[in-house]
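Next come the chains, spelled out residue by residue.
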Amino acid sequence: MSSPEDIPRTSGTGGATRRRSLGYEEESGSETQTEGESWSVQSQDLDMKRAAAQLIEKYYFQLTDGCGNPHCDNPNCASSGKVGHLSSNEAAGEALKLCAARARLCEAVGAKVPRSSQSVTVATSVGTGSVQGENSVTGTAVSTSLVQDVNMACASAPTTPLPPLSPLTDGPNDTPGLTEAVLVQTIAECRNTNSYAKLRRLLWAVFSNEVALRRSFLQGPKPEGESASSPAFPNKNSQSTAAQSKEELRAQEGDLDKDFDCAEIVCGGEGASCSCDNHGKGQNRKCVESSLKPLTLNISEVRQAYSFLFECPESEFGSTLMNAIVQLLSDSLSIQLRAHREAFTAIPNNINIFIILLESPALNATDYIEGVMPKLCRTISQLPMKDQALLTRHLSTWEAPRLHRLLESLHQLITIKLLTTEFSRDFTINDEDSITSATQFMKLLFYANILGGELDYPLLQDIPPEETSVEVMPLHDDPFLSLSGAGKEWESRAPPRDSLGTELGIHVLDARVPLIPLSEFYDDFLSDQLEMDRDFAYYKAGSGDKFSFLNYPFILTPATKALGLYYDNRIRMYSERRMSIYQQVMEGMPANPYLKLKIRRDHIIDDALVELEMVALENPGDLKKQMVVEFEGEQGIDEGGVSKEFFQLIIEQIFNPDYAMFCLNSETQTFWFNPNCFESDAQFTLVGIVLGLAIYNNVILDVHFPPVMYKKLCNKPGSFHDLRDWNTTLYRSLVELMEYEGDDMEDVFMQTFRVGYQDVFGTSLTHDLKTDGDNIVVSQSSKHEFVELYADFLLNKMVERQFRAFRRGFNMVTDDSPLANLFRPEELELLVCGSQHYDFMELMKSTEYDGGYSSETSIIQGFWELVHEMSTDDKKKLLQFTTGSARVPVGGLSKLKLVIARHGPDSDRLPTAHTCFNVLLLPEYSSKEKLKDRLYKAIKYSQGFGML
């Protein structure tokens, strides 16, 4: 059994320790107190008042806000529904009564910790009484009886209201911080005595006290008379501090605090207004050049201290450290952030607390994930945006493996909560605080991952004015410039930003090579369990009362986000349909609830583009109605299948070389705009409308654009690195030019700022990247400028007219859609083109059967044997035949929901399909050979609806 000294005694949940490590001495296992080693009587009274005030605030928030548990049975908690409406004064008075009566608090104290053979009981005396408490080393009891201590303090406190805590009050000025030297010396003493009681007291005194933690591991000059190795917690072995009086120690700490407060002043450099006395004097103390750069914490010392600490047996200190952190996060910081959130950012070095906690190597341990991580995520999510940006900047300095481990811990926390929480209609995933706060914290990691990697060039804020301007260049041959309305243009808008990205000055689109792939942030299990219809309703409400994961799209898989987009599109379609009916009834206008296209198969381009042009000119709002296609002379009601075939056919015609609207790169097999085509801008606008309609009507297209196309659709101009997927040979040549370091570059490459290219007819043309470019030779100093100008010319300026018209048509359909908020460029490409992963095993597992068929039927087993033997081209033909599209939907073939139905007994009929519903009608052929013959003929020769 350990002695009572193993656990330090605290005055309450405020985080200010009643007895600190300063002043503890060990002599044959006993404790003595020397001069300057205990709190004064005034400090004890202050601690008791602060503890009582914090507890009263907890009762106040319980009465007004509740604990968040919809099944709460506490009559004194707002979440139980048993507390009537209370004014602020009434709630404060009731909180005082509850505190005096030691009423029940909903908030649990402590955390789940690993079991240990140790079980420590301590007696804590506060005020006029004492209570017994048990250390939670066993994982069952609350450490140091914090709640009881505070209740005793409240019982002896006066009945008059106490002033609320001020976040700017740091407590006693002599509250010390931890240094590496102190920790190393303490560990050495513990090893010599074979008792780690002193280490546990030290860890508790620091990590349960926000003031001590804020003052720990600070960098900067040491006070005069203190060496780098002299500890802040003096003991009998410390010669440098033993001779100093209590007043001298306090004076030194006060001077040090003043120095660090100065270091946090934002300085604009020489000549700028700065109140820092050390500015421009060449001393070690430096002004901060950016408010997003915390310089007061010695990160290397923090990591080294953790390294020394975790060389000790973790069973000797792990529980104490974890419980101290839990108390810190659950009580002191949580209350301050709820009561004084905006003022919290003014506390000097407040962000140091969270950096120190995140640097702990124990955060990846299961017990920390379950016990500490939920409270840490909750507290960080409550931080002001400026502090979140500071923390993000720090995380961006981490190496990729370490950042990935923290990300895995958050995923593990979400999975644990999904598996262990009972959700109902009244309590969904969106209401689970541990999951939502982990998602909010993951957002910091997401931006840190982008910030720490390679950013794209140019950055978002450097987009040329013509790319973001709403003014349209006069295109005299474009009839769409006369669209009706109050001058509304279907031009590019600035990409949507969120508050954290704005604070950091970056955007998701700025990521070129992040530290870890952005797809690692997808949480597949969360995406599968999420009720997207409910989450989408919260997202559209936008009130902030309910959490929506669509506001954090990085955590959702593209398939889940596509479902949210589908809901949004369907709601708009139904809204347009209701408006059409209203206009018919109230205004006598003809009913037109759908966007109907009547197409001749042999004139599909002429008919489609003409009809879409008329709709876009007369009433662009009709483009947001549900599209219905009818082929002349063919039977078939469009329930989705006819539209799929329409898009397939029109895409084939648009990219036909005879139209010369797009050029094919034979190396990458991708199409790009023909800068010298004879088609009008209206034709490119109509092509953009077709692409937008495909997304709006949930149709996957077989298009082959390079990735830079989708990047430009997201309002990010193309840059040099985008050439790799568009023209590989050219990209390699430019890389070779940039990597050349010889002094004879001009003679080796003989490249000027005039570049040549060919039009679609093979005519050679030239373009000067700079004025008089033919007389400017590319040198070592100008090679990077040449590469960027060349890429900008090829991807942006040369096709500016064609792409602008194309984007205008695309935005005419998707302008009110959350598309830009939910999808990154690579996800947009997946949404348009579908997946390239043809896993027919997934399709087989998800297929359903009807009409007497089952997975055990011999004809079905023979069917799948034939499918698995098919070549990739034949598999695509099978998909085309059964679903109307040869592309794999977002999320894989498991999302396809194919149905195979019995279509009568054995016969010579070919299989048929209802492409609108993904139904394959398969006769029960007598043999596998006959099945193979009929199936291959069906998928090879079928087109249209003549066989239905």
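Rules behind the numbers
- Residues numbered from 1 in each chain as written.
- Predicted model: local features only at pLDDT ≥ 70, side-chain atom pairs only at ≥ 80, totals over all residues.
- Heavy atoms only, no water.
- 1 Å grid on protein atoms, 1.4 Å probe; cavity = no way out; pocket = protein on both sides within 12 Å on 5 of 7 lines; lining within 4 Å.
- Points joined across faces, edges and corners; volume = space filled by probe spheres on them.
- Helix = DSSP H or I, 4+ residues; strand = E, 2+ residues; numbered from the N terminus.
- Core = buried A, V, L, I, M, F, W, Y, C linked by side-chain atoms within 4.5 Å.
- Buried < 20%, exposed > 50% of the residue type's maximum accessible area, 1.4 Å probe, protein only.
- Contact = heavy atoms within 4.5 Å.
- pLDDT = per-residue confidence, 0-100.
- Pairing = 2+ DSSP bridges.
- Axes fitted to C-alpha atoms, helices over the stretch in contact; angles between N-to-C directions.
- Salt bridge = Lys/Arg side-chain N within 4 Å of Asp/Glu carboxyl O.
- Parallel < 35°, antiparallel > 145°, perpendicular 65-115°, else oblique.
- Left-handed = near helix turned anticlockwise from the far one by under 90°.
- Patch = residues over 30% accessible without salt bridge, like charges linked within 9 Å, V, L, I, M, F, W, Y side chains within 5 Å.
- Areas by Shrake-Rupley, 256 points an atom, 1.4 Å probe, with all protein chains shown as cover.
- Lys, Arg positive; Asp, Glu negative; His and termini not counted.
- Charge placed at Lys NZ, Arg CZ, Asp CG, Glu CD.
- Nonpolar A, V, L, I, M, F, W, Y, C, P; charged D, E, K, R; others polar.

A. Looking closely at the layout of surface pockets. A volume near 1500 Å³ is recorded for the second largest pocket. Residue lining of the second largest pocket: 48 residues in total, with Y566, N698, P889, V890 and K895 positioned closest to the centre. Listing elements by their share of the lining of the second largest pocket, those giving two or more residues are α20 (524-529), α22 (558-587), α24 (641-654), α25 (681-696) and α32 (825-833). Looking at the lining of the second largest pocket element by element, the count peaks at nine residues for α22.

B. Inspection of the nonpolar core at higher detail. Ranked by internal contacts, the top residues of the largest apolar core, which has 180 residues, are L199, F207, L395, F441, F646, F662 and F786. No other element matches the eleven residues that helix α17 (residues 433-452) contributes to this core. Leave out the neighbours within four places in its chain, and F786 touches L734, L737, Q751, T752, F753, V755, L769 and V778. Listed in part, the 27 residues of the second largest apolar core include F863, W864, L878 and L935.

C. Spotlight on the confidence of the model for the chain. Residues with a pLDDT of 70 or more make up 73% of the chain, whose mean pLDDT is 75. Ignoring residues within four places in sequence, the model shows residues 458-492, a span with pLDDT below 50, making 80 contacts including any to other chains.

D. Structural context of the environment of S666. Topologically, S666 is positioned in the loop between β9 (662-665) and β10 (670-673). Taking relative accessible area as the criterion, S666 reaches 62% and is therefore assigned exposed. Along the backbone, S666 and N727 are 61 residues apart, and their C-alpha atoms lie at a distance of 9.3 Å.

E. Layout of unusual backbone geometry. One non-glycine residue, Q669, lies in the positive phi region at around 55°. One can find Q669 in the loop between β9 and β10. With a relative accessible area of 45%, Q669 lands in the partly exposed category. For D772, which is not a glycine, the phi torsion comes out positive at approximately 60°.

F. Main features of the sheet that holds strand β13 (residues 848-850). Spatial ordering of the open sheet is given by β13-β14-β16-β15, a layout of four strands whose pairing is mixed. In this open sheet, the two strands that pair with only one neighbour each are β13 and β15 (912-914). Between one strand axis and the next, the sheet turns through 25° on average, direction left out of account. Looking at chain direction, β13 and strand β14 (residues 899-902) are connected through three bridges and run parallel. Its bridge partner being in β14, E848 is matched across the sheet by V899. Against the sheet, helix α35 (residues 872-883) makes contact with β15 and β16 (919-922), and its axis sits at roughly 60° relative to β15, the strand it touches most.

G. Seen up close, the pattern of salt bridges. One pass over the structure, following the stated rule, counts 38 salt bridges. One salt bridge in this structure joins D498 and K443, with 3.5 Å as the shortest N-O distance. With D498 in the loop between α18 (465-468) and α19 (499-504) and K443 in helix α17, this pair connects stretches of sequence that are 55 residues apart. Residue D498 is classed as partly exposed on the basis of its relative accessible area of 25%. Classification of K443 by relative accessible area gives buried; the value is 12%. With its nearest N and O atoms 2.4 Å apart, the salt bridge here joins E454 to R512. In this pair, E454 is assigned in strand β5 (residues 454-455) and R512 in strand β6 (residues 511-513), connecting sequence segments 58 residues apart. E454 gets classed as partly exposed once you look at its relative accessible area, which sits at 41%.

H. The arrangement of the packing of α24 against α25 in detail. Between α24 and α25, whose axes approach to 12 Å, the crossing angle comes to 150°. The pairing of α24 with α25 is recorded here as roughly antiparallel in orientation. Relative to α25, the crossing made by α24 is left-handed. Facing α24, whose interface residues are F647, I650, I651 and I654, α25 presents V687, V690, L693 and A694.

I. Highlighting a negative patch on the surface. Negative charge collects at one region of the surface, where D743, D744, E746 and D747 lie side by side. Inspection of the secondary structure puts D743 in the loop between α27 (728-739) and α28 (745-749).

J. Representation of the packing of α22 against α32. Packing of α22 against α32 leaves a shortest axis separation of 11 Å and a crossing angle of 70°. Relative to α32, α22 is oriented roughly perpendicular. Relative to α32, the crossing made by α22 is right-handed. Taking contact as the criterion, the partners of P558, K561, A562 and L565 in α22 are, on α32, E827, L830 and L831. For the contact of α22 with α32, a count of residues per class yields five nonpolar, no polar and two charged.

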